[in-house]
Structure formats: C-alpha cells, structure tokens
Amino acid sequence: FRLRRTMMFMNAQKPGLIKDAYIYGCDSIMLDLEDAVAENQKDAARFSLYHTLTTVDYGDTEVLVRINGLDTPHWQEDVRVAVAAGADGIRIAKCESAADIRQVEHAVEQARTLLMAALESPKGVLNSYEICCASNRMLGIALSGGDFRKCMQVSPTRDGIEMAAARGHMVLTARAAGVQCFDTVFTDLDDME
C-alpha cells in the first residue's frame, strides 16, 4: 500500500515537460501514451517515454504509464516499452473485465510491474469487483469521467451527480477487494478551490 494523494498526468511525448515532473511534489506521475498522444505520434511518444525513464531519476515519485486500450494495435508495444524502461506500473485504459487485467498481466509476468484499471464505461464499473480481484498486481481502479459520461450520454455538472452511483460502487468494490480507488482527473485549472 502506497500513499497516492496526487497523481499528475503528463503527455509522454513531451520530454521537456516529463523530465522535471517530480519537482512538483506529486506522489505519482502518470505518463500518458493514450489520449494525449495523436495516432501518428505513438512511436515517438514511446521513444520519449523510454529515454526519459532510463535517464531521469524520479526519486521516490512513483511513475505509471497509461497504455492505449486493448482494442488498439498499440497496447502491446506500450507495455513492452514501459516494462523495459522500468515504469512502476501500468494503467489499463478502457478496462471492462478481469480478462483484460489477465491479458496485460501475462504481458508483464517477468517484471514487477503493478497494474491499475481505468474504468470508462458502465460495463467496467459494474465489473469492478472482478477487475479488482483479477491479479495480485492490482494497485487500484480509477474512474475516467470523460469517457464514462460519454457512454452514459450525460454532461458534466459542477457537483458530479452524474457519476455519484459509479463512484459509490467503485469505492465499495475496491474496499472489498483491498485495493485503492481513484476519482476522475480534475481538469479545470481555473477552479482550484
């Protein structure tokens, strides 16, 4: 169990930004190979990720990598590069089942890499307990609000009521499984109250 109060997401394709990310004092850095990276820039982002992780000392800051979804042609190379570079963990995008966890677990079985599931659909949220229990490598589950809202065909509200049921369900299942649970990314930098 590790304290993960703050998790800063960064585009893995931006070496100038990710090399100094630890100076902000966050508990974890999430280097993104998925949504933040254009389709034609995936290879460049993996190169940047590998170079940075093998040359920068992040000290006690945990480094996680968000891979592309298992329905894309990118995820296996994302995993290979993240493990080879020494990332502490992998966040599996668009996770919907225990089978998704086991598929990635098989790809990292020779490493000590931890796993985290991003739940982005009603199916993923409903299957959260089996996802949490799918591997001893699971550090936790996280709600991806943007994609979840899109699946639910709702708009964001200031109080987040549209995600209350999903949040409550995920907290219960994560607690029952003994893993951590993370809320969606906060992106409104103009509202830091």
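In what follows, the accompanying structure is described. Here the structure is a predicted model, which is why all the values come from computation and not from measurement. (Residues numbered from 1 in each chain as written. Predicted model: local features only at pLDDT ≥ 70, side-chain atom pairs only at ≥ 80, totals over all residues. Heavy atoms only, no water.)

Turning to the overall build of the protein chain, a few remarks are in order. Along the protein chain, the regular secondary structure elements total eight helices and seven strands. Taking 193 residues into account, the globule formula puts the C-alpha radius of gyration at 16 Å, and the protein chain, at 16 Å, falls close to it. In terms of overall dimensions, the protein chain has C-alpha extents of about 40 × 40 × 35 Å along its principal axes. Going through the 193 residues of the protein chain one by one, you find that 47% of them count as buried. Long-range pairs, those at least 24 residues apart, make up 67% of the contacts in the protein chain with a sequence separation of at least 6. The average position of the 20 basic charges and that of the 28 acidic charges among the side chains of the protein chain differ by 2 Å. (Helix = DSSP H or I, 4+ residues; strand = E, 2+ residues; numbered from the N terminus. Rg over C-alpha atoms; globule rule 2.2 N^0.38 Å. Buried < 20%, exposed > 50% of the residue type's maximum accessible area, 1.4 Å probe, protein only. Contact = heavy atoms within 4.5 Å. Lys, Arg positive; Asp, Glu negative; His and termini not counted. Charge placed at Lys NZ, Arg CZ, Asp CG, Glu CD.)

So, on to the pairing of strand 6 (residues 138-143). Of all six residues making up strand 6, six are buried, and the element is well covered by its neighbours. Pairing analysis gives five bridges linking strand 5 (residues 114-119) to strand 6, with the strands arranged parallel. Looking at the pairing, Leu115 lines up with Met138 of strand 6. Of the strand pairs in this sheet, strand 6 and strand 7 (residues 180-182) are connected by three bridges, and their pairing is parallel. The partner of Ile141 across the bridge, within strand 7, is Cys181. (Pairing = 2+ DSSP bridges.)

Next up on the list: unusual backbone geometry. Most peptide bonds take the trans configuration, and most residues that are not glycine carry a negative phi. Of note in the backbone geometry, Lys94 takes a positive phi value of approximately 55° without being a glycine. The residue Lys94 is located in the loop between strand 4 (89-92) and helix 4 (98-107) in this model. A relative accessible area of 36% means that Lys94 is categorised as partly exposed. One non-glycine residue, Gln153, lies in positive phi territory at about 60°.

Now for the nonpolar core. If you look at the biggest cluster of nonpolar residues, it comprises 45 residues, and the most contacted ones within it are Leu31, Ile101 and Ile141. At five residues, the largest contribution of residues to this core is made by helix 3 (residues 75-85). Apart from the residues within four sequence positions on either side, Ile141 is in contact with Ala117, Leu119, Ser128, Ile131, Cys132, Met170, Thr173, Ala174, Gln180, Cys181 and Phe182. In this structure, Met30, Leu64, Leu139 and Ala142 belong to the second largest nonpolar core, which totals six residues. (Core = buried A, V, L, I, M, F, W, Y, C linked by side-chain atoms within 4.5 Å.)

In this section: the side chain of Glu62. Inspection of the secondary structure assignment puts Glu62 in strand 3 (residues 62-67). Looking at Glu62, the relative accessible area reads 1%, which means it is buried. There is a polar contact of 2.8 Å between the side chain of Glu62 and the side chain of Arg4. Among the polar contacts made by the side chain of Glu62, one reaches the side chain of Ser28 at a distance of 2.6 Å. Contacts of Glu62, omitting those with residues within four sequence positions, involve Arg2, Arg4, Asp27, Ser28, Ile29, Asp88, Leu114 and Leu139. (Polar contact = N/O pair within 3.5 Å; in protein donor to acceptor, adjacent residues only side chain to side chain.)

The seven strands lie next to each other as 1-2-3-4-5-6-7, forming an open sheet whose pairing is parallel. The two strands at the open ends of the sheet, each matched to only one other strand, are strand 1 (7-11) and strand 7. Taking each pair of neighbouring strands and ignoring which way they run, the sheet shows an average axis angle of 25°. Docked against the sheet, helix 3 engages strand 3 and strand 4, running at close to 165° with respect to strand 3. (Axes fitted to C-alpha atoms, helices over the stretch in contact; angles between N-to-C directions.)

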